[in-house]
Amino acid sequence: MKPTQAAFPATRLRRTRSTPAIRALVAENTLTPADLIWPVFVRDGEGVEEPVPSMPGVMRRSVDKVVEAAREAHDLGIPAICLFPYTGAANRTADCAEAWNPDNLSNRATRAIKDAVPDIVVMTDVALDPYSDTGHDGFVVDGEIVNDQTVEALVRQALSQAQAGVDIIGPSDMMDGRIGAIRTALEAEGHQNVMLLSYAAKYASAFYGPFRDAVGASGALKGDKKTYQMNPANTDEALRCVARDLAEGADMVMVKPGMPYLDICRRVKDEFAAPTFAYQVSGEYAMIQAAAMQGWIDGERAMMESLMAFKRAGCDGVLSYFAPAAARLMQNGR
Ligand code: PBG
């Protein structure tokens with residue numbers, strides 16, 4: 001039972017806000033570098049760090065530079081890094097075969113990181129969009145994004161990532177049944193310790209725009225992703241997605257995008273008490289950076305406030321392009 005709120009002046013809520021020390025003492029949530037997963041873009045070449053124009057501060061890195069980034073993340077106390085390949089036109093085909101090539105960019109980066117920085121958690125993305133000539137996450141047959149045929153390809157992609165040594169596989173495709181199919185295949189092939197972080201409640205969002213630039217998919221994408229990603233109008237459906245994915249073998253679940261969907265984070269955490277993550281996506285990052293670059297908001301404070309919001313909403317962690325910048329600030333005691 002909550003005590004009845006005493007009337008002013010017996011209760012002065014400002015008393016516990018009056019100094020930094022008392023504010024720290026009564027803080028309900030904390031943010032540390034250990035709450036962060038850093039998404040990084042991988043490209044071919046050597047010694048390359050190429051800025052992504054729509055995401056100021058974010059680079060596409062060649063594998064050697066991704067290894068440096070992983071080392072930096074580890075030194076900053078960031079436990080995990082998540083890889084997204086930037087695939088050239090030559091490797092975008094109707095059959096998406098590059099997705100399960102053992103030597104594709106993602107798999108090469110995984111092996112290089114695991115060699116050099118074995119303690120960092122490596123997460124990868126399962127979906128066909130970096131490899132398809134349509135920019136869709138699945139195969140397109142007669143204008144339809146076909147489910148079951150796509151799931152078979154996703155299983156091959158997931159197995160090739162497990163073979164390369166990833167710790168966490170993140171299916172971001174939103175096909176039905178893919179968690180169960182991937183989990184079954186991982187068990188059968190001796191990868192029973194590989195974790196699945198399901199993009200369980202992923203919405204058809206305008207906030208993915210800069211990401212599609214970053215991975216070179218914006219030009220390719222024909223139409224939209226509304227027949228597989230969720231309608232922003234829905235909440236109950238997100239709970240059904242999460243229930244289904246946990247039942248099929250997901251170890252952790254994600255809500256995506258983040259800031260516009262904090263209500264979903266809270267409901268998922270309250271309902272399932274499972275490890276819950278949010279993805280603060282490219283458009284959210286770009287918005288904050290753009291306003292900060294104009295001098296319209298204080299970029300550092302907005303970054304930290306936005307990350308704390310995920311903790312308050314019940315998330316165990318956040319995928320964010322701000323991860324290294326935020327961790328650096330925290331290292332300096334802020
Ligand atoms: C694709 C994928 C997307 C993101 C992660 N994986 C884009 C999409 O669904 O079109 C978006 C991440 C971001 O915007 O930062 N499977």
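All residue numbers refer to position in the chain's written sequence, counted from 1. For this predicted model, a pLDDT threshold of at least 70 governs which residues receive local features, and a threshold of 80 or more governs which side-chain atom pairs are given and counted, while totals over whole chains, interfaces and linings are taken from all residues.

Could you give an account of the UniProt feature "active site" (unreviewed entry) in the protein, naming the residues involved and the relevant values?
The residues that UniProt annotates with the feature "active site" (unreviewed entry) are Lys202 and Lys256. Look at the named residues: they lie 55 residues apart in sequence, but the longest C-alpha span between them is just 4.8 Å, so in the fold they bunch up. Position of Lys202 relative to the elements: it lies in strand E9 (residues 195-202). When neighbours within four sequence positions are excluded, Lys202 is seen to be in contact with Ser172, Met174, Gln229, Met230 and Lys256. Numbering of helices and strands starts at the N terminus; helices are DSSP runs of H or I of at least 4 residues and strands are runs of E of at least 2. Along the chain, Lys256 falls in strand E10 (residues 252-256). According to the C-beta neighbour criterion, Lys256 is buried, with 24 such atoms within 10 Å. When neighbours within four sequence positions are excluded, Lys256 is seen to be in contact with Tyr199, Lys202, Tyr203, Ala278, Tyr279 and Val281. UniProt positions are given in the numbering used here, feature names are shortened, and annotations may be inferred rather than shown by experiment. With C-beta atoms placed from the backbone, a contact is any residue pair whose C-beta atoms sit within 7 Å. Any residue with 12 or fewer other C-beta atoms within 10 Å of its own C-beta is exposed, any with 20 or more is buried, and the rest are partly exposed; the C-beta atoms used are placed from the backbone.

Explain the environment of Asp173 to me, and be specific about the residues and the numbers.
Turning to its location among the elements, Asp173 is positioned in the loop between strand E8 (168-171) and helix H5 (178-188). Spatially, the C-alpha atoms of Asp173 and Val151 are 9.2 Å apart, while their sequence positions differ by 22 residues. Residue contacts for Asp173: discarding those within four places in its chain leaves Val126, Ala127, Leu128, Asp137, Gly138, Thr150, Leu154 and Arg178.

Now, about the site of the ligand: what can you tell me, with residues and values included?
Any residue whose backbone-placed C-beta atom lies within 6 Å of a molecule or strand is treated as near that molecule or strand. In the vicinity of the ligand, the residues found are Asp125, Ala127, Asp129, Asp137, Ser172, Asp173, Tyr208, Phe211, Arg212, Lys225, Val281 and Ser282. Side-chain classes are defined by residue name, with Ala, Val, Leu, Ile, Met, Phe, Trp, Tyr, Cys and Pro counting as nonpolar, Asp, Glu, Lys and Arg as charged, and the others, Gly among them, as polar. Looking at the shell around the ligand residue by residue, the class counts come to 4 nonpolar, 2 polar and 6 charged.

If you had to explain unusual backbone geometry to someone new, which residues and values would you point to?
Pro9 follows Phe8 through a cis peptide bond whose omega is 10 degrees. One can find Pro9 in the segment before helix H1 (20-25). Across the junction of Lys256 and Pro257, the peptide omega takes the value -5 degrees, indicating a cis bond. If you trace the backbone, Pro257 turns up in the loop between E10 and helix H8 (262-272). Even without being a glycine, Asp142 presents a positive backbone phi close to 50 degrees.

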